[in-house]
Amino acid sequence: MIPLSFHQSRPEYSARIAATAIFTKLRKAGTSEVPLSELIESTQYGYTASATETPVGPHFVRITDLKEGAICWPTVPFCECGDVATYRIEEGDLLFARTGATTGKTHLVSEPPPVESVFASYLIRVRPKPTTSAAYLNAFFQSDVYWQQLVDHKSGSAQANVNATKLATLQVPVVGEETQKAIARFMKAVQERSLNPTFPLPPLPPPLSEQQKIVEWIDAVATRVEEANTDVEAATKKLDNLLMSALLEITEGASESQLEEIAPLTRRPAEIDPSAEYPGISARSFGRGTFHNPPLLGSEITWQKPYEVKAGDILVSNIKAWEGAIAVVSPEDDGRFGSHRYLTFEPKEGVATPRYVCFYLLSPAGLFHVGEASPGSADRNRTTGSRAMQKIPVPVPPYKQQLWFDQLYEKVEEAKVLIAENQTERSALLPSVLNQIFNGGDH
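As the structure is a prediction and not an experimental result, all values here were calculated from the model. (Residues numbered from 1 in each chain as written. Predicted model: local features only at pLDDT ≥ 70, side-chain atom pairs only at ≥ 80, totals over all residues. Heavy atoms only, no water.)

### A closer look at the pairing of strand 15 (residues 314-317)
Every second residue of strand 15 is oriented toward a common face, with Ile-314 and Val-316 on one face and Leu-315 and Ser-317 on the other, all of them buried. Examined bridge by bridge, strand 15 and strand 16 (residues 326-328) share 3 bridges and lie antiparallel to one another. By the bridge assignment, Leu-315 is partnered in strand 16 with Ala-327. Bridging between strand 15 and strand 18 (residues 342-345) involves 4 bridges; their strand directions are antiparallel. Looking across to strand 18, one finds that Ile-314 is bridged to Phe-345. (Buried < 20%, exposed > 50% of the residue type's maximum accessible area, 1.4 Å probe, protein only. Helix = DSSP H or I, 4+ residues; strand = E, 2+ residues; numbered from the N terminus. Pairing = 2+ DSSP bridges.)

Structural data, given as structure tokens:
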């Protein structure tokens, strides 16, 4: 399947699989194709106006209002429009996103709009001729036969966009009216099936007769992968809960010390050599560890001195600590340099382990204290004061219990890696199967 620039929900992905199965088969069967322009009455760009929540005119449908095959009418804004008749949305219209991340995404207006509405300028409206079913064209617009042509049209462009002229040149398989109706019925059943797995798929006429079984089989595989991924999420959550329970167990009744008493602030400023390289390090938000920044020459460092980190340090971002930018410096990170925006705390041997202290600071209780040490009027303007950070209270269980916790943490992380690897393999299964079916031999 072709990678898209936006996420598709399960119902959208199911429709795409079914449509790809149908239109790939039509192409392989040698079905005649014509430019889209021969099947439609017109293409039209939308109305240019400013959206407003005030009901000054018709509802104003934009790209962002097209979500998962539906328009959420209660949240659609309004606009002033002096030519409603020209831009009025009607049943059977196909609205096509012509720019942005969702370029190419299409919405079929399958029912009369409940309110008077017009469409915005970043959309293109397509109206089929009487001999062409709007639902049939919409099915084509879900398929990879369509997406591949769109990708080819967009290639080489600085910005993702497609204009009405290019859209009109897309090649569409031509089938009879009854086959169009059968495909439309099938696609509607696929949509129903995404909500009710027992909903039956209707038969398709030749040369599509076998596609019903293929879609049912693919759907069964997708369901099993989805169920397995849900199990993976549940297993990962259980492992996280296990660690949190272990933390609560060893900290119950433990005496508290201020952070500076068990892991004093330790800063190692570098004397900058203009010709030397300084490999960087940063901490990811939400407790996701460290990452490496490209090295800088001393002559390129225009801010304050960099500070060297050592394995076993606890690295804290003073601008994002409140959202969990706290990490243990690993042996692979040793000798790198953090900017002046990073604080390093060095746990005392025999008193506190780096992993235990870091995990506590990232726990709900720890982050509460970190938040208190990070004043500011807005999230992105919150800075953690070094003095306030040093005063954060930390429960200090016996050192042996901390070492036990560290061992448990390592086992949990190893289990998470295995789970993630298995999930990656499972997630790759369905695309691999689809590529074999749609890009392999005739079916």
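Now that the structure has been shown, the text picks up again.
### Description of the packing of aromatic side chains
Aromatic rings in a pair are described by how distant their centres are and how their planes are angled relative to each other. What the rule picks out here adds up to 14 aromatic pairs. Between the aromatic rings of Phe-6 and Trp-147, the centroid separation amounts to 5.9 Å while the plane-to-plane angle is 55°, which identifies the pairing as tilted. You can see Phe-6 sitting in the segment before helix 1 (10-28) and its partner Trp-147 sitting in helix 4 (residues 144-154), a full 141 residues away along the chain. Accessibility classification places Phe-6 together with Trp-147 in one group, the buried group. When the ring of Phe-140 is compared with that of Tyr-146, the centres are 5.8 Å apart and the planes differ by 65°; the resulting orientation is edge-to-face. Judged on exposure class, the residue Phe-140 and its partner Tyr-146 are both buried. (Phe/Tyr/Trp six-rings, centres within 6.5 Å; stacked < 30°, edge-to-face > 60°.)

### Description of the state of the cysteines
Scanning the entire structure with this criterion turns up 0 disulfides. Sulfur of Cys-72: no disulfide; nearest cysteine sulfur belongs to Cys-79 and is 18 Å away. Of all cysteine sulfurs in the structure, the one in Cys-79 sits closest to Cys-81, which takes part in no disulfide; the separation is 5.3 Å. (Disulfide = S-S within 2.5 Å.)

### Considering the nonpolar core
With 48 residues, the main nonpolar core has Ile-22 and Ile-183 as its most contacted residues. The set of elements that each furnish at least two residues to this core consists of helix 1, strand 6 (94-97), strand 9 (123-128), helix 3 (134-142), helix 4, helix 5 (164-168), helix 6 (177-195) and helix 7 (211-251). In contact with Ile-22, not counting residues within four places along its chain, are Ile-183, Phe-186, Met-187, Leu-204, Leu-208 and Gln-211. One finds Val-232, Ile-250, Tyr-356 and Tyr-409 within the second-largest nonpolar core, a separate group that totals 34 residues. (Core = buried A, V, L, I, M, F, W, Y, C linked by side-chain atoms within 4.5 Å. Contact = heavy atoms within 4.5 Å.)

### Quick notes on the pattern of salt bridges
Applying the stated criterion across every chain yields a total of 18 salt bridges. For Arg-268, the salt bridge identified is with Asp-313, shortest N-O distance 2.7 Å. Pair noted here: Arg-268 is in the loop between helix 8 (259-262) and strand 12 (277-283) and Asp-313 is in the loop between strand 14 (307-308) and strand 15, with a separation of 45 residues, a long-range link. For Asp-313, a relative accessible area of 1% translates into the label buried. Overlapping salt bridges, with partners in common, bring together Glu-90, Asp-93, Arg-125 and Arg-127 in one network. (Salt bridge = Lys/Arg side-chain N within 4 Å of Asp/Glu carboxyl O.)

### Some thoughts on the sheet that holds strand 6
Read across the open sheet, the 4 strands follow the order 2-9-6-7; overall the sheet is antiparallel. Of all strands in the sheet, those bounded by a partner on one side alone are strand 2 (40-45) and strand 7 (106-108). Averaged over all pairs of adjacent strands, the angle between strand axes in this sheet comes to 20°, irrespective of strand direction. The strands that helix 3 touches are strand 2, strand 6, strand 7 and strand 9; relative to strand 7, the one it contacts most, it runs at about 155°. (Axes fitted to C-alpha atoms, helices over the stretch in contact; angles between N-to-C directions.)

### Remarks on the packing of helix 3 against helix 6
Between helix 3 and helix 6, the shortest axis-to-axis distance is 8 Å and the interhelical angle comes to 60°. Relative to helix 6, helix 3 is oriented oblique. The two elements helix 3 and helix 6 cross, and the hand of that crossing is left-handed. Contact with helix 3, carried on its side by Ala-135, Tyr-136 and Ala-139, involves Gln-180, Ile-183, Ala-184 and Met-187 of helix 6 and no other residues of that element. (Parallel < 35°, antiparallel > 145°, perpendicular 65-115°, else oblique. Left-handed = near helix turned anticlockwise from the far one by under 90°.)

### Overview of helix 3
Among the 9 residues that make up helix 3, 8 are buried, leaving the element largely enclosed by the rest of the structure. Its side-chain oxygen at 3.2 Å from the backbone nitrogen of Ala-135, Ser-133 defines the N-terminal cap of helix 3. (Polar contact = N/O pair within 3.5 Å; in protein donor to acceptor, adjacent residues only side chain to side chain.)

### Topic: the environment of Leu-343
With respect to the helices, strands and loops of the structure, Leu-343 is situated in strand 18. Classification of Leu-343 by relative accessible area gives buried; the value is 4%. For the pair Leu-343 and Thr-103, spaced 240 residues apart in the sequence, the C-alpha separation amounts to 43 Å. Setting aside residues up to four positions removed in sequence, Leu-343 forms contacts with Leu-265, Arg-267, Ile-314, Leu-315, Val-316, Asn-318 and Ser-386.

### Focus on the sheet that holds strand 15
Pairing in this open sheet of 3 strands is antiparallel, and the strands run 16-15-18 from one edge to the other. The outermost strands of the open sheet, each flanked by one partner alone, are strand 16 and strand 18. On average, each strand axis in the sheet is tilted by 20° relative to the strand beside it, whichever way the strands run. The strands touched by helix 9 (residues 354-362) are strand 15 and strand 16; relative to strand 16, the strand with the most contacts, the crossing angle is about 165°.

Purely geometric numbers; function is a separate question.
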